[in-house]
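These are the residues of each chain, in order.
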Amino acid sequence: MRSDIGLLSILILVGSVYGAELTKWQNQREEAVFALFRPQDASRGALILQHAASQGNVDAESDLTLAMLLGMGVPQDIDAAEKSSSSLVEGGGARAHTTLGLLLAHNLTGTEMTEEKRQSQALSHYILAAMSNDPIAQMLAGWHYLKVGDCDAALQYFRRAALAVIPSVPEEMMSQDSPRYVWPEDDQFAEEGRMTLDEFHYIELMAQHGDADAALKTAFILYRGMPGLPRDVRGAVGYLRQAVKENSTSAMVILSSILLRHDFPDIEEDVLGLLQTALDFGEQSAHAFLGLLYLNGFRGVPKDLAKAKIHLTQGVMHGVAEAFYLLGKLYEEDNSGKTDEAIALWHVSASIGHVPSAFRIAERYWQELHRVATNVDNTAVFAQALCHSAVSMYREVALSGDWHYLLESAYDDYVNGHVGTALMKYLLMSDLGYPSAHVNAGRLLDSGNDGIYNTEEALHHQAVKVWQKAAETGTATGYVRLGDLHYYGQGVPQDLTLAFMYYNNASMLGSAHGLFNAAQMVEWGEGVEQNVTKAREMYQSAGELSEDAHVPITLALLRLDLFLRLNTTLGLDLYAVDWSLPSLKDQGGHSFFVSASMPAWDIILMVVLAVIITAMVALRARPTGNR
């Protein structure tokens with residue numbers, strides 16, 4: 001009997017030790033995987049996984065397949081990623097399923113099969129990985145079901161991904177800033193508006209010499225981080241304290257907000273005093289953080305929901321984004337029955353990118369869906385509306401996961417000449433639903449120098465898919481490029497009617513390029529009924545949309561008028577002549593001249609004729625000498 005008890009005790013002890021080791025490894029693995037996504041930490045994450053893999057850890061080997069495919073912390077090796085993932089999926093490697101799914105989805109396995117079969121197999125791998133709690137696979141599966149109209153299935157996957165992300169999301173987190181584009185023309189924000197590391201170091205140097213404004217800017221950048229500069233909260237606190245000494249009310253509020261959310265027991269600051277001082281000097285944003293202080297209590301200041309409500313209400317009145325979220329949270333906690341008010345407040349903060357607000361709204365929709373399912377009076381249309389609303393919010397939360405750092409990592413790869421690595425990352429991010437990734441992947445595929453695909457057919461096929469995604473997100477460039485691809489029959493059958501439709505869609509989004517191309521199709525009767533008068537109006541409208549279009553539009557209008565005059569006076573039909581110059585037909589949509597989808601030689605001829613006519617007029621007008 002005693003021996004049985006002893007054996008049981010040993011088994012319990014061994015199980016406890018094993019459980020502790022397993023928990024320790026899972027924490028290490030999670031840290032290593034998330035480090036892979038951050039450029040400055042990728043090598044460290046890869047080393048942790050390589051060490052575990054060398055000891056036979058299948059999970060680590062599985063994680064490394066994705067690292068090899070994307071070039072995260074290790075050199076990109078697509079063939080090795082395929083070989084390893086194909087082997088590991090047999091043994092149940094979760095992330096290996098994600099890797100193999102991506103290889104199949106983007107036709108990188110070297111196996112001949114139909115597109116439908118390839119995508120079906122990719123989905124199967126995503127589902128298996130999703131079942132093992134890979135949030136990336138959950139998002140990929142969610143997108144598939146959303147596209148085929150199965151909102152309920154999409155909701156399940158996006159919710160699971162959001163639940164994996166939300167614990168690590170800071171309460172103040174906003175959706176990420178618009179990322180950089182590989183083509184400056186695609187960037188809506190002026191490149192000079194983006195700070196470089198050299199500019200940051202100059203501002204930091206000014207801060208170190210006592211400039212309070214520079215100290216505030218330095219703190220703000222350190223707190224958020226930037227490409228090439230990891231986030232440094234403690235460093236930000238140091239510069240904020242410097243700015244506070246110079247009576248910067250903004251620094252008082254930001255410093256207080258950081259100390260209220262981050263545990264720095266060695267930093268002694270009178271947060272209540274700082275916020276009250278800032279408020280006395282007219283800094284209305286202090287209301288939001290006074291509300292936060294009283295909502296939770298802080299360092300000797302007791303929790304006081306009545307005071308929290310007063311300050312948060314004032315914060316909302318002054319339009320402070322975080323006050324909307326916190327006041328909604330207060331209504332939720334005090335059981336006042338103001339659920340509708342809380343949701344309305346969260347809708348405001350979510351609309352400007354506040355991630356925790358989006359999650360709370362999504363969870364409310366989720367609960368409402370379950371209530372609707374048990375009420376026979378509710379219609380299927382209402383349930384679907386709720387489902388799509390919830391999916392939209394969960395998706396925004398999931399997009400804030402650490403993998404969003406791959407956007408900057410991909411840009412750095414592109415700048416450093418690693419085009420294949422950049423493209424693979426952009427293709428993944430495009431699959432996950434990041435709008436800028438559609439455009440950047442499309443541009444790299446259009447360049448033909450991608451380092452991954454060996455044939456133009458494969459390039460154009462992938463380009464069609466990413467530009468279609470770009471168009472679906474309302475990106476004018478996506479419609480322009482789809483118009484180009486359908487006009488020239490690249491990756492899709494040639495279809496001039498569809499090409500015109502895409503150009504026209506781009507023009508309705510304010511694209512001068514799209515309107516210019518549509519005008520040329522109308523002028524020449526390509527895929528649409530010819531109407532020179534309407535084409536002239538369209539050219540003129542394109543000129544109003546973009547100053548850059550002035551020169552090509554002026555030339556196009558001169559050509560149009562010249563053709564009409566010659567057709568009328570000489571009885572010709574110059575529009576029946578094929579003036580196209582094949583070598584100039586498509587250069588990826590970079591400028592109006594090289595990418596305008598219509599004829600090029602006609603403009604050259606028009607210029608030559610104009611020069612001849614001008615010369616003749618000049619000769620006729622030259623005064624003759626006395627005989």
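Analysis parameters
Going along each chain's sequence as written, the residues are numbered from 1 onward. Reporting of local features is limited, given that this is a predicted model, to residues whose pLDDT is at least 70; pairs of side-chain atoms are given and counted only at 80 or more, and all residues count toward the totals for whole chains, interfaces and linings. Note that water and hydrogens are dropped before the side-chain values are worked out from all heavy atoms of the structure. Working definition: helices are DSSP H or I runs of at least four residues, strands are E runs of at least two. Numbering for both runs from the N terminus. Type-normalised accessible area, obtained with a 1.4 Å probe on protein chains alone, sets the label of each residue: buried when under 20%, exposed when over 50%, and partly exposed for intermediate values. The contact criterion used is simple: two residues touch if any of their non-hydrogen atoms lie within 4.5 Å. Each accessible area value is a Shrake-Rupley result obtained with a 1.4 Å probe; residue values ignore everything except the protein chains displayed when judging cover. Note on scores: pLDDT gives the predictor's confidence for each residue, bounded by 0 and 100. Stacked, tilted and edge-to-face pairs are distinguished by plane angle, under 30 degrees for stacked and over 60 for edge-to-face with tilted covering the rest, among Phe, Tyr and Trp rings (Trp via its six-membered ring) whose centres lie within 6.5 Å. By this rule the span expected of a helix is its residue count minus one, scaled by 1.5 Å. Any two cysteine sulfur atoms within 2.5 Å of one another count as a disulfide. Computed over the protein atoms alone on a 1 Å grid, cavities are sets of points where a 1.4 Å probe fits but cannot get out and pockets are open sets with protein on both sides within 12 Å along at least five of seven lines; a residue lines them when it has an atom within 4 Å of a point. Grid points are joined across faces, edges and corners, and a volume is the space filled by probe spheres set on the points. Three classes are used, and their members are as follows: Ala, Val, Leu, Ile, Met, Phe, Trp, Tyr, Cys and Pro are nonpolar, Asp, Glu, Lys and Arg are charged, and the others, Gly among them, are polar. Salt bridges are defined as contacts in which a side-chain nitrogen from Lys or Arg sits within 4 Å of a carboxyl oxygen from Asp or Glu. Angles run from 0 to 180 degrees between N-to-C directions of axes, and those axes are lines fitted to C-alpha atoms, restricted for helices to the stretch in contact. Note on terminology: angles under 35 degrees are roughly parallel, angles over 145 are roughly antiparallel, angles of 65 to 115 are roughly perpendicular, and the others are oblique. Handedness of a helix crossing follows the sense of rotation of the near helix relative to the far helix, less than a right angle counterclockwise being left-handed and clockwise being right-handed. Among buried residues, those of type Ala, Val, Leu, Ile, Met, Phe, Trp, Tyr and Cys that are joined through side-chain atoms within 4.5 Å constitute a nonpolar core.

## So, the overall build of the chain
So, step 1. The number of helices and strands found in the chain is 30 helices and 0 strands.
So, step 2. The buried share among the 627 residues of the chain stands at 50%.
So, step 3. In the chain, of all internal contacts separated by at least 6 residues, the share reaching a separation of at least 24 is 57%.
So, step 4. Counting only carbon and sulfur atoms, one obtains 55% of the accessible surface of the chain, whose full area is about 30,700 Å².

## Some thoughts on helix 20 (residues 406-415)
So, step 1. Of the residues making up helix 20, those classed as buried are Leu406, Leu407, Ser409, Ala410, Tyr411 and Asp413.
So, step 2. Gly417, located one to two residues past helix 20, shows a positive phi value of around 90°.

## So, the confidence of the model for the chain
So, step 1. In the predicted model, the chain carries a mean pLDDT of 84, and 85% of its residues have values of at least 70.
So, step 2. The low-confidence segment residues 14-19 (pLDDT under 50) makes 0 contacts with residues lying over four places distant or belonging to another chain.
So, step 3. Every residue in residues 581-601 scores below 50 in pLDDT, and together they form 60 contacts with partners more than four places removed in sequence or on other chains.

## What about the packing of aromatic side chains?
So, step 1. A full pass over the atoms with the stated rule returns 13 aromatic pairs.
So, step 2. Measuring from centroid to centroid gives 6.1 Å for Trp524 and Phe563, while their planes differ by 75°, and the two rings are edge-to-face. Separated by 39 residues along the polypeptide, Trp524 in helix 26 (residues 512-524) and Phe563 in helix 28 (residues 550-570) bring together distant segments of the chain.
So, step 3. We classify Trp524 as buried; its relative accessible area is 9%.

## Here we look at helix 19 (residues 380-398)
So, step 1. If you check helix 19, its first and last C-alpha atoms are 26 Å apart, about what 19 residues at 1.5 Å a residue would give, namely 27 Å.
So, step 2. What helix 19 keeps buried is the set Ala383, Leu386, Cys387, Ala390, Val391, Met393, Tyr394, Arg395, Val397 and Ala398.

## Here we look at the state of the cysteines
Disulfide: a covalent bond formed between the sulfur atoms of two cysteine residues.
So, step 1. Counted by the stated rule, this structure contains 1 disulfide.
So, step 2. The side chain of Cys151 participates in a disulfide bridge whose partner is Cys387; the two sulfur atoms lie 2.1 Å from each other. An S-S torsion of about -110° defines the bridge between Cys151 and Cys387 as left-handed. Remark: Cys387 occurs in helix 19 and Cys151 occurs in helix 8 (residues 151-165); sequence separation between them is 236 residues.
So, step 3. Looking at Cys151, the relative accessible area reads 2%, which means it is buried.

## What to know about empty space enclosed by the protein
So, step 1. What the rule picks out here adds up to 2 cavities of 30 Å³ or more.
So, step 2. A volume near 30 Å³ is recorded for the second largest cavity.
So, step 3. In terms of lining, the second largest cavity is formed by Val33, Leu36, Phe37, Asp63, Leu66, Ala67, Met72 and Arg95.
So, step 4. Those elements that provide at least two residues to the lining of the second largest cavity are helix 1 (2-37) and helix 3 (58-70).
So, step 5. Residue composition of the lining of the second largest cavity, by class: 6 nonpolar, no polar and 2 charged.

## Description of the pattern of salt bridges
Where charged atoms from two side chains of opposite charge approach closely, those side chains can pair.
So, step 1. Considering all chains together, one arrives at 28 salt bridges under this definition.
So, step 2. When the shortest N-O distance is used, the salt bridge between Glu269 and Arg241 registers 2.8 Å. One end of the pair, Glu269, is in the loop between helix 12 (249-261) and helix 13 (271-280); the other, Arg241, is in helix 11 (residues 233-245), with 28 residues separating them in the sequence.
So, step 3. In the salt-bridge network here, residues are joined through shared partners; they are Glu171, Glu172, Arg231, Arg261, Glu322 and Lys329.

## Here we look at the environment of Asp63
So, step 1. Relative to the elements of secondary structure, Asp63 occurs in helix 3.
So, step 2. On a C-alpha basis, the gap between Asp63 and Leu49 in space is 7.5 Å, while along the polypeptide they are 14 residues apart.
So, step 3. The residues touching Asp63, leaving out its near neighbours within four places in the chain, are Arg29, Val33, Leu49 and Arg95.

## What about the packing of helix 14 (residues 286-296) against helix 15 (residues 305-317)?
So, step 1. Two elements in contact, helix 14 and helix 15, have axes whose closest approach is 7 Å; the angle formed by their N-to-C orientations is 160°. Here helix 14 is positioned roughly antiparallel relative to helix 15, judged by the angle of their axes. Here helix 14 runs over helix 15; the crossing is left-handed. Contacts between helix 14 and helix 15 involve His287, Ala288, Leu290, Gly291, Leu292, Tyr294 and Leu295 from the former and Leu305, Lys307, Ala308, His311, Leu312, Gln314 and Gly315 from the latter.
So, step 2. Residue composition of the contact of helix 14 with helix 15, by class: 8 nonpolar, 5 polar and 1 charged.

## Examining the packing of helix 23 (residues 456-472) against helix 24 (residues 476-488)
So, step 1. Between helix 23 and helix 24, the least distance of the axes is 7 Å, while the angle of their chain directions is 145°. In this structure, helix 23 crosses over helix 24, and the sense of that crossing is left-handed. Contact with helix 23, carried on its side by His460, Ala463, Val464, Trp467, Gln468, Ala470 and Ala471, involves Thr477, Gly478, Tyr479, Arg481, Leu482 and Leu485 of helix 24 and no other residues of that element.
So, step 2. For the contact of helix 23 with helix 24, a count of residues per class yields 8 nonpolar, 4 polar and 1 charged.

## Observations concerning unusual backbone geometry
So, step 1. Although it is not a glycine, Asn247 sits at a positive phi angle of roughly 65°.
So, step 2. As for its placement among the helices and strands, Asn247 is situated in the loop between helix 11 and helix 12.

## What to know about the environment of Pro170
So, step 1. Within the secondary structure layout, Pro170 lies in the loop between helix 8 and helix 9 (197-208).
So, step 2. Remark: the alpha-carbon pair of Pro170 and His262, spanning 92 residues in sequence, is separated by 9.9 Å.

## A look at the nonpolar core
So, step 1. Residues Leu69, Tyr394, Tyr426, Leu432, Tyr453 and Tyr539 are the most contacted members of the largest nonpolar core, which totals 198 residues.
So, step 2. Beyond its immediate sequence surroundings of up to four residues, Leu432 is in contact with Ile136, Met139, Leu140, Trp143, Leu399 and Trp403.

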